[in-house]
Amino acid sequence: MLRINYLAVIAAATAALLEGAVWYSPLLFGEAWTTLRGMDPGAMANPKIPIGEMIAEFARALVVAYVLARFVVLFGVVDWKGAVQIGIWVWVGFQATAVMGAVIHENYPWALYAIHAGDALVKTLVMAAILGTWPKSKVSPEARSAGDGKEQN
């Protein structure tokens, strides 16, 4: 029986935060993102992200990473291929479709949808790959039957 590796959850959430910083930077989609949102494109030259927003984003990434970790354990994923499958299904079933609601109901531009959905896809795949390939701990059969929860590697 596999158990969640909480260090892997923190690593996955951290990787997601870093991925978002690169994704929305001027190197990739930052300028298009600001233009589509009606913001000053020059704002990307010296971005100032409030600390509360960064903390909230990390907390959000922790929740997603934890849920992905639960799926990894539930489905017994032990390699990157299984992790990618879970990542794609989670993205299609929850993230891409959730953002699609803004396109359908709020006249959200398709290009902005593509930027956000692409970010969510890459984040989810990165997190799933980390969680699926990171060494997992196992509960020994003796500990499981005794109920003491001792882990073995």
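So, a few notes on the structure that sits alongside this text. Because the structure is predicted, anything quoted here is derived from the model rather than measured. (Residues numbered from 1 in each chain as written. Predicted model: local features only at pLDDT ≥ 70, side-chain atom pairs only at ≥ 80, totals over all residues. Heavy atoms only, no water.)

1. Focus on the packing of aromatic side chains
At step 1: Counting across every chain of the model gives five aromatic pairs.
At step 2: On the numbers, 6.4 Å between centres and 15° between planes, the contact of Tyr 6 with Tyr 66 is stacked. Of this pair, Tyr 6 sits in helix H1 (residues 6-23) while Tyr 66 sits in helix H3 (residues 51-74), placing them 60 residues apart in sequence.
At step 3: Exposure remark for Tyr 66: the relative accessible area of 31% places this residue in the partly exposed category.
At step 4: Between Phe 71 and Phe 75, the ring centres sit 6.3 Å apart and the planes meet at 40°, which makes this aromatic pair tilted.
At step 5: A relative accessible area of 25% places Phe 71 in the partly exposed class.
At step 6: The class for Phe 75 is exposed, based on a relative accessible area of 58%. (Phe/Tyr/Trp six-rings, centres within 6.5 Å; stacked < 30°, edge-to-face > 60°. Helix = DSSP H or I, 4+ residues; strand = E, 2+ residues; numbered from the N terminus. Buried < 20%, exposed > 50% of the residue type's maximum accessible area, 1.4 Å probe, protein only.)

2. Some points on the packing of helix H4 (residues 80-106) against helix H5 (residues 110-133)
At step 1: The geometry of H4 relative to H5 is characterised by a closest axis approach of 8 Å and an angle of 155° between their N-to-C directions. Our classification of the angle between H4 and H5 gives roughly antiparallel. Relative to H5, H4 is oriented so that their crossing is right-handed. Across the interface between the two elements, Trp 80, Ala 83, Val 84, Gly 87, Ile 88, Val 90, Trp 91, Gln 95, Ala 96, Val 99, Met 100 and Val 103 of H4 pack against Trp 110, Tyr 113, His 116, Ala 117, Ala 120, Leu 121, Thr 124, Leu 125, Ala 128, Ala 129, Gly 132 and Thr 133 of H5.
At step 2: Looking at side-chain class alone, the contact of H4 with H5 contains 18 nonpolar, six polar and no charged residues. (Axes fitted to C-alpha atoms, helices over the stretch in contact; angles between N-to-C directions. Parallel < 35°, antiparallel > 145°, perpendicular 65-115°, else oblique. Left-handed = near helix turned anticlockwise from the far one by under 90°. Contact = heavy atoms within 4.5 Å. Nonpolar A, V, L, I, M, F, W, Y, C, P; charged D, E, K, R; others polar.)

3. Digging into the nonpolar core
At step 1: Core analysis: the biggest nonpolar cluster contains 18 residues, and Val 9, Ala 65, Leu 68, Ile 86, Met 127 and Leu 131 have the highest contact counts within it.
At step 2: For this core, the elements supplying multiple residues, two or more each, are H1, H3, H4 and H5.
At step 3: When residues no more than four places from it in sequence are discounted, the contact partners of Leu 68 are Ile 86, Val 90, Thr 124, Met 127, Ala 128 and Leu 131.
At step 4: Ala 96, Tyr 113, Ala 117 and Ala 120 belong to the second-largest nonpolar core, a separate cluster that totals six residues. (Core = buried A, V, L, I, M, F, W, Y, C linked by side-chain atoms within 4.5 Å.)

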